Amino acid sequence: MQCFEQLIGTQSGLVLAFIATAALVVVTGIKLSMYGDALGDRTGLGNGLIGLIFLAGVTSLPELVVSLTSVFNAATAADGADLATGNMLGSNVFNLLILAFMAIFFTKHFKPAAMKSSHTSSIIYGLLMLGLFAAAYIRAPRESWIIPGLDCSALVLALPVFYLGVLFREHRQLKNAAEETEEHLPEEDALAHMPATRFYSILLGLCALIIGGGVILSILGSRMALPPEQGGFGLEASLIGTIFLAISTSLPELVISFSSIRLGFLDMAVGNVLGSNMFNLLIIFVADLAMRGDSMLAKASSKHWTSVALIFVLTLAGWLLLKTKTRTASLAVAVSMIVLYAASMALFI
């Protein structure tokens, strides 16, 4: 522990530790998502309720752990709120960029017209959840309707309620779909037949690694906010959460989506991005509960409205991207999404 403290006591050591931990989260997240999807097959539910919850949950587990530990470990409540809120919103922004990256780097496989689903319903659900979050964010400084025992507003509580409704609706549709339409990566078929003891032991071990990596990332994020004379960079917590923590915790979604589209599973890649974004919004509810007695959104910086607006615009751009019929149109929309992201992030610096 003392060696770790010495390492992150300097700026160079802080950067090295951040990169190494982010790499651990990426590798572990990829493996964990494979095991999560295989869990649905092992339980006999296929890509049903367990598959939906676990696959979306495991790819978002780094965001959840980082946000919670940021709330608990930050030097001030305001820093914790900014790190947690910035991490969640920044992750959703970066996840939407994954759609643009797929259109640019996998032009041979990015064929929206060949998808089995338009994913329009997932996009609409995501926008509605974003609307609930925005309403809670607006009301937070003057919120008077607090749920007794939970210490959170009714609007924040509406996020998990809405998500559960979406989850059960999607589960009913999946149960009615033909089993042969499900998509699987080759590795998942092998995992489905692995001995139970070994399978569940590895699954729990991967979860532990993700949690540990998330805790370390949140600690490193807090250190980055320290002044340079204390080994930090003097960066604002909102900037750290929105860019550094958000991108590092979204890397599992990036690699998983790239792996899926490379194997020709565009529907799986798009579904992973949109599903993870909906699940990420639940982090606000969980982190708000963790602050006990304080409203996390009331303490969060107003700079996060840039991310809210960017998620809305990029979601609509992503929907347009999935409607394109030519390679030229896809590239034009994808490049526009990346340029918009770069311009918006400049507002945080």
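This structure is a prediction, so every number in the text was calculated from the model and none was measured.

Re the side chain of Thr324
- Topologically, Thr324 is positioned in the loop between α12 (305-321) and α13 (327-345).
- Once residues within four sequence positions are removed from consideration, Thr324 is found in contact with Pro112, Ala329, Ser330 and Val333.

Points about α13
- Relative to the 27 Å expected for 19 residues at 1.5 Å per residue, α13 spans 27 Å between its end C-alpha atoms, a close match to the ideal helical length.
- For α13, the full list of buried residues reads Ser330, Val333, Ala334, Met337, Tyr341, Ser344 and Met345. End-on view of α13: buried residues confined to an arc of 100°, all on one side of the axis. Seen from the buried face of α13, the exposed residues on the opposite side, beyond 90 degrees, are Thr328 and Val339.

Here we look at the confidence of the model for the protein
- Scored by pLDDT, the protein has a mean of 80; 81% of the residues are at 70 or more.
- Model confidence for the protein, summarised as mean pLDDT per element, is weakest for helix α1 (residues 2-7) at 64 and strongest for α12 at 95.

Thoughts on the nonpolar core
- Met102, Phe110, Phe133, Val270, Met296, Leu297 and Met337 are the most contacted members of the largest nonpolar core, which totals 68 residues.
- The set of elements that each furnish at least two residues to this core consists of α4 (77-105), α5 (120-139), α6 (154-176), α9 (237-262), α10 (266-290), α11 (296-299), α12 and α13.
- When sequence neighbours within four positions are dropped, the list of residues in contact with Phe110 reads Leu99, Met102, Ala103, Ile261, Leu266, Leu321, Leu322 and Ser330.
- Counting residues in each nonpolar core, the second largest holds 28 residues, with Leu32, Val66, Leu191 and Leu220 among its members.

Points about the packing of aromatic side chains
- Going through the model one piece at a time under the given rule, you end up with 8 aromatic pairs.
- Ring geometry for Tyr137 against Trp305: centres 4.5 Å apart, planes inclined by 15°, an arrangement best described as stacked. Remark: Trp305 occurs in helix α12 and Tyr137 occurs in helix α5; sequence separation between them is 168 residues.
- Accessibility expressed as a relative area gives 5% for Tyr137, which makes it buried.
- Taken together, Phe94, Phe101 and Phe105 form an aromatic cluster joined through their ring pairs.

Observations regarding α4
- When the terminal C-alpha atoms of α4 are compared, their 41 Å separation across 29 residues agrees well with the 42 Å that a helix rising 1.5 Å per residue should span.
- With 24 of 29 residues buried, α4 lies mostly within the body of the structure.

Cut-offs and rules
- Residues numbered from 1 in each chain as written.
- Predicted model: local features only at pLDDT ≥ 70, side-chain atom pairs only at ≥ 80, totals over all residues.
- Heavy atoms only, no water.
- Helix = DSSP H or I, 4+ residues; strand = E, 2+ residues; numbered from the N terminus.
- Contact = heavy atoms within 4.5 Å.
- Expected span 1.5 Å × (residues − 1).
- Buried < 20%, exposed > 50% of the residue type's maximum accessible area, 1.4 Å probe, protein only.
- Arc of directions from axis to C-beta.
- pLDDT = per-residue confidence, 0-100.
- Core = buried A, V, L, I, M, F, W, Y, C linked by side-chain atoms within 4.5 Å.
- Phe/Tyr/Trp six-rings, centres within 6.5 Å; stacked < 30°, edge-to-face > 60°.

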